Amino acid sequence: MAKESDLIIFSDGAKNESDAKEVSEVRAFLYTINGFKSVEIYESVSNKGLANSIIEGVTQIIATHNKVIVLEDDLVTSPNFLNFMNEALNEFVSNNQVHSVSGYTMPINPPKGYIYDSYFTRRASSWGWATWKNRWEEVDWQVKVYNGFKGNTSLRKKFNAMGSDLSSMLDQQMQGKISSWAIRWCFDQFLKNQLTVFPVVSKISNIGFGSGATHTKYSDDRFATILDTTEKTYFNFNKKVELEYHFIKQFRSKYSLRTRAVYKIKNLLGV
């Protein structure tokens, strides 16, 4: 569906002088991109950073187009990625129970006889995702309710039901230790009790792990996935928007305290 899609690219400015050459090389490449309905490029003079770049860019586009599909530059897509995302956007546009669409999924084993190409979680993914204007524009990026949340043990436990890392990530964001739009996006979803629709077979693979990465310097095969290589272009979505234990059990295991500890130790040991 590339030929039917408007591609809008936001290129952030260099963080320092040593990055300027690489940013310049990326920008030279951007002007060689074709195969889309249109290509529009925005080059920032200053370095905004990931969070501000995403929030400002998505806000700009969604104001005009009412919905958006977002990719960062370290993602590989399946041939049918745009099919899945557009069909899901159309399927759930009027269902406010659905917060966003994810193109990525970790390896999931569906139950025997499962007929759908999708499942739901209460945790969004930032690796190839989509949403609608009325969901995005209602997000409180300042997280004004944080003071009431940070000491509330019950709420923190509920937020962490989708991953033991969530509350601590929000704490780090609010303390200025990280700059993440995604944790605030996940928290907004939690507050509204909304769900994200995921594919059963991933349409996204993340290749952004490594020493040159800003946020993911260590490879983490918890999230290694099998990319959809089929020619399937029409998908059967489960219209019953609810959590299913079979999927959630597998999903949560990747974010459990034990699993995270094991992989942190592996990275420290270089295993």
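Keep in mind the model is a prediction, meaning the values are calculated, not measured.

Undergrad: Which parts of the structure should I look at to understand the overall build of the protein chain?
TA: From N to C terminus, the protein chain includes 10 helices and 9 strands. In the protein chain, which comprises 271 residues, the share counted as buried stands at 41%. A separation threshold of at least 6 residues defines the contact pool for the protein chain, and within that pool the share at least 24 residues apart is 80%. Of the roughly 15,100 Å² that the protein chain leaves accessible, carbon and sulfur atoms contribute 52%.

Undergrad: Even after reading the chapter, I still don't get the nonpolar core, so can you show me in this structure?
TA: Side chains of nonpolar character tend, in soluble globular proteins, to be buried together. Counting 59 residues, the largest nonpolar core has Val 101, Trp 136 and Trp 181 as its most contacted members. Ignoring anything within four residues of it in the chain, the contact list for Val 101 reads Phe 84, Met 85, Ala 88, Leu 89, Gly 128, Trp 129, Ala 130, Trp 132, Thr 196 and Val 197.

Undergrad: Where do I start with the pairing of strand S1 (residues 6-11) in this structure?
TA: Strand residues, when the strand is regular, have side chains that alternate between the two faces of the sheet. Across 6 bridges, the pairing between S1 and strand S2 (residues 38-43) is parallel. Counted as the bridge partner of Leu 7 is Val 39 from S2.

Undergrad: How do you make sense of the pattern of salt bridges when you look at a structure like this?
TA: Note on pairing: side chains with opposite charge can pair once their charged atoms come close. Throughout the structure, instances matching the rule amount to 12 salt bridges. Two residues, Asp 165 and Arg 123, come together in a salt bridge whose shortest N-O distance is 2.9 Å. Of this pair, Asp 165 sits in the loop between helix H6 (153-159) and helix H7 (166-174) while Arg 123 is found in the loop between strand S6 (118-121) and strand S7 (129-132), placing the two residues 42 residues apart along the sequence. Relative accessible area serves as the criterion here: at 9%, Asp 165 is assigned to the buried category. Taking the shortest distance from any N to any O, the salt bridge between Lys 240 and Glu 242 comes out at 3.9 Å.

Undergrad: So what exactly am I meant to see when it comes to the sheet that holds S7 here?
TA: Sheet strands line up and pair through hydrogen bonds in the backbone, either parallel or antiparallel. Strand order in the open sheet formed by 5 strands is S3-S7-S5-S8-S6, with mixed pairing between adjacent strands. In this open sheet, the two edge strands, each paired with only one partner strand, are strand S3 (67-70) and S6. When strand polarity is set aside, the average angle formed by the axes of neighbouring strands in this sheet is 25°. Helix H8 (residues 182-192) rests against strand S5 (98-102), S6, S7 and strand S8 (195-199) of the sheet, and its axis sits at about 140° to S5. Each of S6 and S8 touches helix H9 (residues 245-253); the most contacted strand, S6, lies at about 65° to it.

Undergrad: Hey, could you run me through the packing of aromatic side chains in this one?
TA: How two aromatic rings sit relative to each other is given by the distance of their centres and the angle of their planes. Counting across every chain of the model gives 22 aromatic pairs. An aromatic cluster is defined as three or more aromatic residues linked by ring pairs; in this entry it consists of Tyr 114, Tyr 116, Tyr 119, Phe 198, Phe 247 and Phe 251. In this structure, Arg 135 packs its charged tip against the face of Trp 132, placed 3.9 Å from the ring centre.

Undergrad: Explain the environment of Tyr 114 to me, please; I cannot follow it from the model alone.
TA: Relative to the helices and strands, Tyr 114 is located in the loop between S5 and S6. Judged by its relative accessible area of 19%, Tyr 114 falls in the buried class.

Undergrad: Can you help me understand the side chain of Gln 189 in this one?
TA: Within the element layout of this structure, Gln 189 appears in helix H8. Looking at Gln 189, its side chain comes within polar contact range of the main-chain nitrogen of Ala 124, at 3.3 Å.

Undergrad: Just checking my understanding: could you explain the side chain of Ser 180 for this structure?
TA: For Ser 180, the position within the fold is in the loop between H7 and H8. On the basis of relative accessibility, which here comes to 13%, the residue Ser 180 falls in the buried class. Here the side chain of Ser 180 touches Ile 183 through a polar contact of 3.1 Å, landing on its backbone nitrogen. Apart from residues no more than four positions distant in its own chain, Ser 180 is found in contact with Ala 51 and Gln 173.

Undergrad: Mind showing me how you'd approach the environment of Phe 235 here?
TA: Note that Phe 235 resides in the loop between strand S9 (204-206) and H9. Between the C-alpha atoms of Phe 235 and Asp 117, which are 118 residues apart in sequence, the distance is 6.0 Å.

Undergrad: What exactly am I supposed to notice about the pairing of S3 here?
TA: The two faces of S3 differ: Val 68 and Val 70 on one face are buried, but Lys 67 and Ile 69 on the other face are not. In terms of strand pairing, S3 meets S7 through 4 bridges, oriented antiparallel. Looking at S7, one finds that Val 70 is bridged to Trp 129.

Thresholds applied
Residues numbered from 1 in each chain as written. Predicted model: local features only at pLDDT ≥ 70, side-chain atom pairs only at ≥ 80, totals over all residues. Heavy atoms only, no water. Helix = DSSP H or I, 4+ residues; strand = E, 2+ residues; numbered from the N terminus. Buried < 20%, exposed > 50% of the residue type's maximum accessible area, 1.4 Å probe, protein only. Contact = heavy atoms within 4.5 Å. Areas by Shrake-Rupley, 256 points an atom, 1.4 Å probe, with all protein chains shown as cover. Core = buried A, V, L, I, M, F, W, Y, C linked by side-chain atoms within 4.5 Å. Pairing = 2+ DSSP bridges. Salt bridge = Lys/Arg side-chain N within 4 Å of Asp/Glu carboxyl O. Axes fitted to C-alpha atoms, helices over the stretch in contact; angles between N-to-C directions. Phe/Tyr/Trp six-rings, centres within 6.5 Å; stacked < 30°, edge-to-face > 60°. Lys NZ or Arg CZ within 6 Å of the ring centre and 35° of its normal. Polar contact = N/O pair within 3.5 Å; in protein donor to acceptor, adjacent residues only side chain to side chain.

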